[in-house]
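Per-entry structural report
Residue-level listing of the chains:
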Amino acid sequence: MMLADAAHWIAAETLDQDSPQLVALLHVLQATICVLYSYLSFIYLPGIMNDGSPFVPTAEEKLDVLFGSSGRLLPGGGVLRSDEPPLAEQHLVDLGSGDGSLVRAATRMAGFGSASGFEINSVLVTLSKKLSRGRANECFFEQSLWEAPLADADVVVVYALPEFLDNLAHKLGSELRHDAVVISNAYPFPETPSLRLVLEVPVETPYWRRQDKSSSLWFYRMCRT
């Protein structure tokens, strides 16, 4: 909190000698720094410090592409085959689930039988559990994505920085069943025999959305030879 303390000191020093408008501006600066510090402490840093990615809310446009009325993960959406179990019997896992919006969308919009989110940030896990209270098929775990068990996952979704995708591909390849579906938001996995690209779907998001901005969703199938 050193920056906030500095802003407070400046405001105190100018209280008797500067205009009320300047003092008010400095107090606004102090409050803004406090908010930024809180964001870094509780949202951004936990993921980075645990070899993951910062929390970025999934754009509604991307949720719609995945789970909406013409969603790619629905029957006939171009990813799932007609001979696969119905969605009501499938389990979706979100690695780095943030506020849980993707988990909730999977069960409530698409009808997945169950969905689990793994998130290292305790604040976001608490929020996710509150928003899913009373829904036994939506589960959240305060756990690193690197420690998440994936043996029973039918679909895995991840939004990770490119530098983590190589190691993550190895984890998926060693744990997922053959033919499991993997979706990567924004960044493609490096070429690997264990992940076969099914399709890439570009998604346009509003210009003002500076976090989960316009990018592609990459759909893969797990290949075990």
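Summarised in this report is the structure supplied together with it. Think of each chain on its own: its residues are numbered from 1, step by step along the sequence as written. Reporting in this predicted model follows two pLDDT cut-offs: at least 70 for local features of residues, and 80 or more for side-chain atom pairs to be given and counted; totals over whole chains, interfaces and linings ignore these cut-offs and use all residues. To get the side-chain values, all heavy atoms of the structure are used, and hydrogens and water are removed first.

**Focus on the overall build of the protein chain**
Put simply, the rule reads: Working definition: helices are DSSP H or I runs of at least four residues, strands are E runs of at least two. Numbering for both runs from the N terminus. Three labels apply to residues, based on accessible area from a 1.4 Å probe with only protein chains included: buried if under 20% of the type maximum, exposed if over 50%, partly exposed otherwise in between. We call two residues in contact when some of their heavy atoms are within 4.5 Å. Residue-level accessible areas treat just the shown protein chains as cover; the underlying method is Shrake-Rupley with a 1.4 Å probe.
Within the protein chain one finds six helices and seven strands. In the protein chain, the order of α-helices and β-strands from amino to carboxyl end is α-α-α-β-α-β-α-β-β-α-β-β-β. Taking all 225 residues of the protein chain together, 47% fall into the buried category. For the protein chain, the share of sequence-separated contacts (at least 6 apart) that also reach a separation of at least 24 residues comes to 65%. Only carbon and sulfur atoms are counted for the fraction: they give 58% of the accessible area of the protein chain, which is about 12000 Å².

**Section: the nonpolar core**
Filter applied, for reference: Side-chain atoms within 4.5 Å are what join buried Ala, Val, Leu, Ile, Met, Phe, Trp, Tyr and Cys residues into a set we call a nonpolar core.
In this structure, F67, L73, L92, F112, I183 and F219 are the most contacted members of the largest nonpolar core, which totals 28 residues. Counting residues per element, this core draws most heavily on helix α4 (residues 101-110), which supplies five residues. In contact with L73, other than residues within four places in its own chain, are L66, F67, V79, L80, L87, L92, F112, V155, V181, I183 and F219.

**Brief notes about the environment of D212**
Note the cut-off: What qualifies as a polar contact is a pair of N or O atoms within 3.5 Å, subject to a donor-acceptor requirement within protein and to the restriction that residues adjacent in sequence count only when both atoms come from side chains.
Following the sequence through the fold, D212 ends up in the loop between β6 (195-203) and β7 (215-222). On a C-alpha basis, the gap between D212 and E60 in space is 9.4 Å, while along the polypeptide they are 152 residues apart. Within the structure, the side chain of D212 is placed 2.7 Å from the backbone nitrogen of A59, a separation counted as a polar contact.

**Focus: the side chain of T205**
Residue placement: T205 occurs in the loop between β6 and β7. Side-chain polar atoms of T205 contact the backbone nitrogen of S214, separated by 2.8 Å. Residue contacts for T205: discarding those within four places in its chain leaves A59, E61, D212, K213 and S214.

**Quick notes on the packing of aromatic side chains**
Stated formally: Whether two aromatic rings pair depends on their centres lying within 6.5 Å, for rings of Phe, Tyr and Trp, where Trp uses its six-membered ring; planes under 30 degrees apart make the pair stacked, over 60 edge-to-face, and the rest tilted.
Taken as a whole and judged by the stated rule, the model has three aromatic pairs. Plain terms: the ring middles of F67 and F112 are 6.2 Å apart, the flat faces sit at 85° to each other, and that makes the pair edge-to-face. A residue pair is termed long-range when its members are at least 10 positions apart, and F67 in helix α3 (residues 60-67) and F112 in the loop between α4 and β2 (114-119) qualify at 45 residues. Judged by relative accessible area, which is 0%, F67 ranks as buried.

**So, the environment of M222**
Residue placement: M222 occurs in strand β7. A sequence separation of 26 residues divides M222 from R196, and the C-alpha atoms of the two residues are 6.4 Å apart.

**A few points about the sheet that holds strand β1 (residues 91-95)**
Just so we agree on the cut-off: For two strands to count as paired, DSSP must find a minimum of two bridges between them. Helix axes are fitted to C-alpha atoms over the stretch in contact, other axes to C-alpha atoms as well, and angles between N-to-C directions run from 0 to 180 degrees.
Spatial ordering of the open sheet is given by β3-β2-β1-β4-β5-β7-β6, a layout of seven strands whose pairing is mixed. The open sheet has two edge strands with one neighbour each: β3 (138-142) and β6. Within the sheet, the average angular offset between the axes of one strand and its neighbour, ignoring direction, is 20°. Relative to β3, β2 is paired through five bridges, and the arrangement is parallel. Paired with E119 across the bridge in β3 is E142. α4 rests against β1, β2, β3 and β4 (155-158) of the sheet, and its axis sits at about 180° to β2. Strand contacts of helix α5 (residues 122-131): β2 and β3, with the helix running at about 165° to β3, the strand carrying the most contacts.

**Thoughts on α3**
What counts is decided by this rule: By arc we mean the arc of the directions from the helix axis to the C-beta atoms, nothing more.
Within the sequence span of α3, burial applies to K62, L63, V65, L66 and F67. Seen end-on, α3 carries its buried residues on one side only, within an arc spanning 165°. Close packing links the buried residues of α3 with β1, α4, β5 (181-185), β6 and β7.

**Details of the pattern of salt bridges**
Selection criterion: Only one rule defines a salt bridge in this text: a Lys or Arg side-chain nitrogen within 4 Å of an Asp or Glu carboxyl oxygen.
If you walk through the whole model with that rule in mind, you get seven salt bridges. In this structure, D212 and K62 form a salt bridge, with 2.6 Å as the shortest nitrogen-oxygen distance. Of this pair, D212 sits in the loop between β6 and β7 while K62 sits in helix α3, and the two are 150 residues apart along the sequence. K62 sits in the buried class, given a relative accessible area of 0%.

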